[in-house]
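Residue-level listing of the chains:
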Number of protein chains: 2
Amino acid sequence: MKIIDIYARIKKDLNYLEKELLKSVHSDHPELRETSSHLLKAGGKRLRPVFVLLAGQFGDYDLDKLKYIAIPMELIHMASLVHDDVIDDADTRRGQLTVKSKWDNRIAMYTGDYIFAKAIGVATQLSNPTIHQIMSKAIVELCIGEMEQIRYFFHTGQTLRNYLLRIKRKTALLIAISCQLGAIASGVPETISNRLYLYGYNVGMAFQIRDDLLDITGTEKELGKPPGSDVKQGNITLPILCALREDKLRAPLLEELNRIRAAEGQTDVSRFLDIVRGSEGVRQAEELASRYIDRAIQALGPLPEIQAKKDLIRVAHFVGNRSY
Amino acid sequence: MKIIDIYARIKKDLNYLEKELLKSVHSDHPELRETSSHLLKAGGKRLRPVFVLLAGQFGDYDLDKLKYIAIPMELIHMASLVHDDVIDDADTRRGQLTVKSKWDNRIAMYTGDYIFAKAIGVATQLSNPTIHQIMSKAIVELCIGEMEQIRYFFHTGQTLRNYLLRIKRKTALLIAISCQLGAIASGVPETISNRLYLYGYNVGMAFQIRDDLLDITGTEKELGKPPGSDVKQGNITLPILCALREDKLRAPLLEELNRIRAAEGQTDVSRFLDIVRGSEGVRQAEELASRYIDRAIQALGPLPEIQAKKDLIRVAHFVGNRSY
């Protein structure tokens, strides 16, 4: 049984959401319609909507309610990607030109603002204030996470805790609340929605660690962008942090980091990547990702044995092993 | 009776809001606390909170409810200013360094995102979905307005309608809904909140036209930034649009605009400003602003004769005549 089977099972609902997603950013403004559609059509795994739909199956599953969670979750994610690309000065994402590259930074900024505002607008269709409060708090944390990322650029003295807190804010929280809110919107008891939150948090942590690993170990073809993008912008990720702890590698890595920083990322980073690939850092990061996946699955333990539970376990395994 | 007297009458509540405003952006993140506080402390007329409080007096005035409107309104306004300054490449605002200038563009972007998210978070304390829907729609329009501004940079063929729709989205709507939502949160009948919306819309239009005029006719000392900032970035405002219609001025103005555009705004614009100042454009823009003020006051006509009504009329006159 593969991830594709889970998508197949909820395909009809996902297709519906895909259309609603596109409708949600429809605008009379020609440029915003173009930038937003460009962004949506560039694809993505739609992981957050998948989590919303699966979590919703633990209660009274109602797509007409769940869409007001799933669409904002995906839109908030996309808005943050557009703003990310401005910061990272990224030209491609998923093999497609970014908004900031196809248009410019100013347009990317307002496209992000616009999609973000649309996300809030869709969520207001639900009248449960708890949902809005959870969502807005997560967005605040997301912004703090982005700021933290800038703050720790090229900061080789950062701790593992700094890194983990940052990816929690940047990635894990949004996945956690996708699960939690999907459940809340379906009227499940709090004990269940809290467990789904915990599941999502752990899967989200593993997801980001995997993402950071792929930027070290992946190829341009697999990633849709050149590997080493993280270090070029100064983002010290888990495998790098671990590698920096190895006595023999610390000095050459610091030297490389200084060189990359001095070149403002406009330099070849293959030597740097080779050192990290040959370090224990890759294995250690993989181990930590696996541990998060284990915890995610544990969190589901007491939940009723419905199909969605099996699916969530499979998604967790997929995230834990993904190579793209 | 002056504007200062209106502020005096609601001073206690405004002081309370000022403290709450600062609390609302409090963050454990050192940089975000610094950038947000810098922004708030740089001041501003707090016009949107004033409108919320005055509109609230038409119903059951409850500051504990109104603050959940007034604070988001001011925060949304401030978030848009931070992002504006990135686009405009502005170094100063109200005589203070901008976030993008004191820190950098990336930090300004996330500071804006953060303040925006905080605004939504504060608003979620109210459980009336109508309020959230009106607010989120206005934010969407605000973003479209910002995009429109970019789209029409140096666009000398734009119509008066293009300009008016843009300033409606960019400025008037937020002021309109400050009045409307202050009224709704106080439980007034829809006929009254709609009239207050209409008042706010017209005052907002006049406010932005005045703002655009001041950028032509004001001095650096009055403005807290050099005059001509609008045209330097390509923003063709009402006095300029009107001046472009004068046969004798059109050719020299177009020539100046081409020169300013070619220099990417890094040039002296005093000749350009002199031409516009000497045109009919200034008077025509002043006339239109006055007409909006008249309409704003008319909108209040059927409302009960309470002190807040007199205050709103005075605020309208103040906006119509403001020279700073």
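Residues numbered from 1 in each chain as written. Chains lettered and ligands numbered in written order. Predicted model: local features only at pLDDT ≥ 70, side-chain atom pairs only at ≥ 80, totals over all residues. Heavy atoms only, no water.

Draft legend 1. Just the overall build of chain A, in detail. Counting secondary structure elements, chain A contains 17 helices and two strands. Radius of gyration (C-alpha) of chain A: 20 Å, near the 20 Å computed for a compact globule of 324 residues. When the backbone C-alpha atoms are referred to their principal axes, chain A occupies close to 55 × 50 × 35 Å. For chain A, the residues scored as buried account for 60% of the 324 residues in total. If you take every contact in chain A between residues at least 6 apart in sequence, the share linking residues at least 24 apart comes to 74%. In the structure as shown, chain A presents an accessible area of about 13,100 Å², 48% of it carried by carbon and sulfur atoms. (Helix = DSSP H or I, 4+ residues; strand = E, 2+ residues; numbered from the N terminus. Rg over C-alpha atoms; globule rule 2.2 N^0.38 Å. Buried < 20%, exposed > 50% of the residue type's maximum accessible area, 1.4 Å probe, protein only. Contact = heavy atoms within 4.5 Å. Areas by Shrake-Rupley, 256 points an atom, 1.4 Å probe, with all protein chains shown as cover.)

Draft legend 2. Broad picture of the environment of B:Asn235. All names here are of chain B. Topologically, Asn235 is positioned in the loop between helix H12 (229-233) and helix H13 (238-244). As for Asn235 and Asp212, which are separated by 23 residues in sequence, their C-alpha atoms are 9.5 Å apart. If we skip the residues at most four places from it in the chain, Asn235 touches Gln149, Phe153, Arg166, Asp230 and Ile240.

Draft legend 3. The pattern of salt bridges, seen in detail. Residue and element names in this part refer to chain A. Enumeration according to the criterion identifies 32 salt bridges over all chains in this entry. Among the ionic pairs, Glu256 bridges to Arg271, the shortest N-O distance being 3.5 Å. Of this pair, Glu256 sits in helix H14 (residues 247-262) while Arg271 sits in helix H15 (residues 270-277), placing them 15 residues apart in sequence. The closest approach of N and O atoms between Glu305 and Lys309, which form a salt bridge, is 2.6 Å. Assessed through its relative accessible area of 4%, Lys309 is described here as buried. Taken together, the shared-partner salt bridges connect Glu20, Lys23, Asp64 and Lys67 into one network. (Salt bridge = Lys/Arg side-chain N within 4 Å of Asp/Glu carboxyl O.)

Draft legend 4. Looking closely at the nonpolar core. Membership of the largest hydrophobic core comes to 231 residues, with the highest contact counts inside it found for A:Leu196, A:Tyr199, A:Ile209, B:Leu196, B:Tyr199 and B:Ile209. With residues near it in sequence (within four places) discarded, A:Tyr199 still touches A:Phe51, A:Cys179, A:Ala296, A:Ala299, A:Leu300, A:Leu312, A:Val315 and A:Ala316. (Core = buried A, V, L, I, M, F, W, Y, C linked by side-chain atoms within 4.5 Å.)

Draft legend 5. The arrangement of unusual backbone geometry in detail. Despite not being glycine, A:Arg46 has its phi angle at roughly 55°, a positive value. Within the secondary structure layout, A:Arg46 lies in the loop between helix H3 (30-41) and helix H4 (47-56). Phi is positive for B:Phe154, which is not a glycine, with a value near 60°. Within the fold, B:Phe154 resides in the loop between helix H8 (129-151) and helix H9 (160-185).

Draft legend 6. View of the side chain of B:Thr171. Secondary-structure assignment places B:Thr171 in helix H9. Not counting residues within four places of it along the chain, the set of residues in contact with B:Thr171 comprises B:Gly204, B:Phe207 and B:Gln208.

Draft legend 7. Geometry of the packing of aromatic side chains. Residues and elements named next belong to chain A. Under the defined criterion, the tally for this structure stands at five aromatic pairs over all chains. Ring centres of Tyr201 and Tyr292 lie 6.5 Å apart, and the angle between their planes is 85°; on these two criteria the pair is classed as edge-to-face. Of the two residues, Tyr201 sits in helix H10 (residues 190-217) while Tyr292 sits in helix H16 (residues 281-300), which places them 91 residues apart along the sequence. Taken individually, Tyr201 and Tyr292 each receive the classification buried, so the pair is uniform in this respect. Over the ring of Tyr292 we find Arg295, and its NZ or CZ is 4.9 Å from the ring centre. (Phe/Tyr/Trp six-rings, centres within 6.5 Å; stacked < 30°, edge-to-face > 60°. Lys NZ or Arg CZ within 6 Å of the ring centre and 35° of its normal.)

Draft legend 8. View of the relation of the copies chain B and chain A. Taken as rigid bodies, chain B and chain A are interconverted by a rotation of 180° and an axial shift of 0.0 Å, the fit giving an RMSD of 0.0 Å. The two molecules are tied by a two-fold rotation axis, judged by turn and shift. (Least-squares fit on C-alpha atoms with pLDDT ≥ 70 in both.)

Draft legend 9. Main features of the packing of helix H10 (residues 190-217) of chain B against helix H16 (residues 281-300) of chain B. Residue and element names in this part refer to chain B. H16 packs onto H10 with a crossing angle of 160° between their chain directions and a minimal axis gap of 8 Å. In terms of their interaxial angle, H10 and H16 are classed as roughly antiparallel. Pair H10 / H16 crosses with left-handed handedness. Residues that form the contact of H10 with H16 fall into these classes: 18 nonpolar, three polar and four charged. (Axes fitted to C-alpha atoms, helices over the stretch in contact; angles between N-to-C directions. Parallel < 35°, antiparallel > 145°, perpendicular 65-115°, else oblique. Left-handed = near helix turned anticlockwise from the far one by under 90°. Nonpolar A, V, L, I, M, F, W, Y, C, P; charged D, E, K, R; others polar.)

Draft legend 10. The arrangement of the interface of chain B and chain A in detail. Facing the 38 residues of chain B at the interface are 38 residues of chain A. Of all residues in chain B, B:Arg106, B:Tyr110 and B:Met147 bury the most surface against chain A, accounting for 20% of the area lost on that side. The tally of links between chain B and chain A comes to zero salt bridges. Counting only elements with at least two residues in the side of chain B that touches chain A, the list comes to helix H3 (30-41), helix H5 (63-88), helix H7 (105-123) and H8 of chain B. In terms of residue count, the dominant contributor to the side of chain B that touches chain A is H8(B) (13 residues). (Buried area = accessible area lost by both parts, 1.4 Å probe.)

Draft legend 11. Spatial organisation of H3(A). Residue and element names in this part refer to chain A. Look at H3: 16 Å from first C-alpha to last across twelve residues, which is about the 16 Å you get at 1.5 Å a residue. Three or more residues of H3 are buried, namely Leu32, Thr35, Ser36, Ser37, His38, Leu39 and Leu40. Immediately beyond the C-terminal end of H3, within one or two residues, lies Gly43, with a positive phi of roughly 90°. (Expected span 1.5 Å × (residues − 1).)

Draft legend 12. Main features of the packing of helix H8 (residues 129-151) of chain A against H7(B). At their nearest, the axes of H8(A) and H7(B) sit 8 Å apart, and the two run at 165° to each other. By the angle between their axes, H8(A) is roughly antiparallel relative to H7(B). The way H8(A) lies across H7(B) gives a crossing that is left-handed. Packed against H8(A), whose contacting residues are A:Ser136, A:Ile139, A:Val140, A:Cys143, A:Ile144, A:Glu146, A:Met147 and A:Ile150, the element H7(B) presents B:Arg106, B:Ile107, B:Tyr110, B:Thr111, B:Asp113, B:Tyr114, B:Ala117, B:Lys118, B:Ile120 and B:Gly121 at the interface.

Draft legend 13. Representation of H7(B) in the model. Residue and element names in this part refer to chain B. The end-to-end C-alpha distance of H7, which contains 19 residues, comes to 27 Å, matching closely the 27 Å that a straight helix rising 1.5 Å per residue would cover. With respect to burial, H7 is a largely interior element, 16 of its 19 residues being buried. Capping the start of H7, Asp104 holds a side-chain oxygen 3.1 Å from the backbone nitrogen of Arg106, two or three residues further along. (Polar contact = N/O pair within 3.5 Å; in protein donor to acceptor, adjacent residues only side chain to side chain.)

Draft legend 14. Layout of the state of the cysteines. Counting across every chain of the model gives zero disulfides over all chains. Lacking any disulfide linkage, B:Cys143 is separated from the closest cysteine sulfur, that of A:Cys143, by 13 Å. With relative accessibility at 6%, the residue B:Cys143 sits in the buried group. (Disulfide = S-S within 2.5 Å.)

Draft legend 15. Molecular detail of the environment of B:Leu97. Residue and element names in this part refer to chain B. For Leu97, the location among the structural elements is in strand E2 (residues 96-97). Assessed through its relative accessible area of 44%, Leu97 is described here as partly exposed. Along the primary structure Leu97 and Glu190 are separated by 93 residues, whereas in three dimensions their C-alpha atoms are 42 Å apart.

Draft legend 16. Structural detail: the side chain of B:Ser193. Take B:Ser193: it is sitting in helix H10. Other than its neighbours up to four places away in sequence, B:Ser193 contacts B:Gln180, B:Ala183, B:Ile184 and B:Val188.

In short, geometric facts, not functional conclusions.
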